[in-house]
Amino acid sequence: MSRTVSHISTRRPRISPLRYPGGKSALYPRLRAIIRDMGLAGCTYIEPYAGGVGAGLGLLVTGQVEHVIINDLDPAIYSFWKTLCVDNDWLIEQVATATLSIDEWKRQHKIYKAADTSKRRELGFATFYLNRTNRSGVLTAGPIGGFKQNGTYKINARFNRKDLCERIRILGLYSDAIVPIMCDGIDVINRYAGQKNTFIYADPPYFEKAKSLYLNAFQAEDHKALAHVLNNHKDDSWLLTYDDVPQVYELYKDRRKKRFQLNYSANKVMKATEVAVFSDTVSEVNTCW
Ligand SMILES: C[S@@+](CC[C@H](N)C(=O)[O-])C[C@H]1O[C@@H](n2cnc3c(N)ncnc32)[C@H](O)[C@@H]1O
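Within every chain, residues take consecutive numbers counted from 1 along the sequence as written. At least 70 in pLDDT is required for a residue's local features to be given in this predicted model, at least 80 for side-chain atom pairs to be given and counted, and no such filter applies to totals for whole chains, interfaces and linings, which use all residues. Side-chain numbers come from the whole structure's heavy atoms, not from hydrogens or water.

Structurally, the position occupied by T127 is in helix α6 (residues 120–133). The exposure class assigned to T127 is buried, which follows from its relative accessible area of 1%. Any N or O atom pair separated by 3.5 Å or less is treated as a polar contact, with the protein-specific requirement of one donor-capable and one acceptor-capable atom, and with residues adjacent in sequence counted only for side-chain atom pairs. One polar contact links the side chain of T127 to the main-chain carbonyl oxygen of A76, over a distance of 3.3 Å. Not counting the four nearest positions on each side in its chain, T127 is found in contact with A76, I77, Y112 and L139. To qualify as a helix, a DSSP run of H or I must reach at least 4 residues; to qualify as a strand, a run of E must reach at least 2; elements of each kind are numbered from the N terminus. To sort residues, take the accessible area from a 1.4 Å probe on protein chains only and compare it with the maximum for the residue type: under 20% means buried, over 50% means exposed, and anything in between is partly exposed. Here, residues are in contact when the closest pair of their heavy atoms is within 4.5 Å.

Here we come to the domain arrangement of the chain. Domain ranges listed in this record stem from an automatic or a database domain assignment. By the assigned domains, the chain splits into domain 1 (31–74 + 182–289) and domain 2 (76–177). Here the C-alpha centroids of domain 1 and domain 2 sit 26 Å apart. Taken together, the contact pairs 17 residues of domain 1 with 14 residues of domain 2. Together, the buried faces of domain 1 and domain 2 total about 1300 Å²; carbon and sulfur atoms form 62% of this surface. Using a 1.4 Å probe, buried area is obtained as the accessible area two parts lose upon being combined, added over both of them. By the criterion of area lost to domain 2, the three top residues of domain 1 are V61, D74 and M182, representing 33% of everything that side buries. A carboxyl oxygen of Asp or Glu within 4 Å of a side-chain nitrogen of Lys or Arg is what we treat as a salt bridge. The interface formed by domain 1 and domain 2 includes zero salt bridges. Mapped onto the side of domain 1 that touches domain 2, the elements with two or more residues apiece are α2 (54–61), β2 (65–71) and α9 (210–213). Counting residues per element, the side of domain 1 that touches domain 2 draws most heavily on β2, at four residues. Residue classes follow a fixed rule: Ala, Val, Leu, Ile, Met, Phe, Trp, Tyr, Cys and Pro count as nonpolar, while Asp, Glu, Lys and Arg count as charged, and any other residue, Gly among them, counts as polar. Per-class residue counts for the side of domain 1 that touches domain 2 are nine nonpolar, five polar and three charged.

What follows concerns the nonpolar core. Looking at soluble globular proteins, one finds that nonpolar side chains tend to be buried together. Nonpolar cores are built from buried Ala, Val, Leu, Ile, Met, Phe, Trp, Tyr and Cys residues. Side-chain atoms within 4.5 Å join them into one set. Within the largest apolar cluster, 62 residues are counted, with the highest numbers of intra-cluster contacts made by L31, Y45, L57, W81, F128, F199 and L239. Both domain 1 (31–74 + 182–289) and domain 2 (76–177) contribute no fewer than three residues apiece to this core. Aside from chain neighbours lying at most four places away, what touches F128 is P17, L18, F80, V95, F159, L164 and I168.

What follows is about the packing of helix α1 (residues 28–37) against α2. Packing of α1 against α2 brings their axes to within 9 Å, and their N-to-C directions diverge by 60 degrees. Considering the angle they form, α1 stands oblique to α2. Between α1 and α2 the crossing geometry is right-handed. Each of Y28, L31, R32 and I35 in α1 lies in contact with α2, whose residues at this interface are A55, G58 and L59. A breakdown of the residues in the contact of α1 with α2 according to their chemical character gives five nonpolar, one polar and one charged. Under this scheme, a helix contributes an axis fitted over its contacting stretch, all axes are lines through C-alpha atoms, and angles between N-to-C directions fall in the 0 to 180 degree range. An angle below 35 degrees is read as roughly parallel, one above 145 as roughly antiparallel, one from 65 to 115 as roughly perpendicular, and any other as oblique. By definition, turning the near helix anticlockwise from the far helix through less than a right angle yields a left-handed crossing, and turning it clockwise yields a right-handed one.

Structure (structure tokens):
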């Protein structure tokens with residue numbers, strides 16, 4: 001299939017149309033190195049806690065991986081990805097013509113709150129609209145510039161139509177290679193771990209701050225259950241990233257771990273320390289972490 005993506009940077013491709021709190025597109029070069037070092041070029045790449053799939057879609061459009069499984073338990077996020085794949089032209093039309101105003105924000109907010117999955121594409125677009133017009137891309141936050149629009153930045157500050165339509169169009173060319181699903185991340189890991197030619201990158205909700213960022217935050221028992229599953233699959237190919245908290249060192253005490261720094265650009269560029277946990281097969285290869 002011929003896909004026109006020549007102008008996308010292969011250093012750190014920015015292709016996801018979603019802004020994501022904690023988005024991991026900056027991990028692209030490191031994931032690419034791991035996948036190459038492990039001889040998994042052209043594999044099926046799985047994000048069980050997908051959000052904006054910042055790194056994974058970069059791997060897809062630069063040809064590092066062949067398929068991307070996008071899983072998120074949030075019906076709003078799922079609806080967006082599904083709409084991008086099956087109603088690509090419709091979505092581009094909505095983005096190209098959307099009114100950027102507080103009245104329209106309220107209308108889209110109502111659709112998002114109703115979370116009616118039988119109106120999947122309307123829910124998908126409302127999710128996108130709020131993601132691009134809310135402070136820091138947080139779906140439960142208010143609009144950039146406030147309801148009175150008296151802030152420095154206004155509701156349209158992050159809604160660059162031309163660029164967003166182009167990202168959606170390019171990803172539409174890959175719709176046969178993208179599989180959006182809406183399951184519990186643990187079921188997805190159990191389904192794909194150990195299958196030939198697969199790589200899992202798990203970026204679950206953090207221990208701290210997740211409650212204010214995502215619909216589905218994790219409780220202590222969810223973190224434990226995930227650790228149980230990933231440790232059981234220690235000989236399969238996966239990478240996990242978390243906020244740098246003591247619980248991660250305890251839950252994954254037998255796995256190799258590495259602290260790393262990430263630049264986040266929500267409103268201003270900030271540095272955060274996170275921790276990467278490697279399955280035993282990933283630890284064996286010489287990666288750039
Ligand atoms: C840290 S974010 C992922 C950020 C993503 N890596 C990116 O680059 O944009 C975590 C995501 O996991 C989703 N989530 C929370 N609990 C889940 C579960 N049990 N199963 C699947 N997804 C879940 C949330 O809706 C959220 O979108």
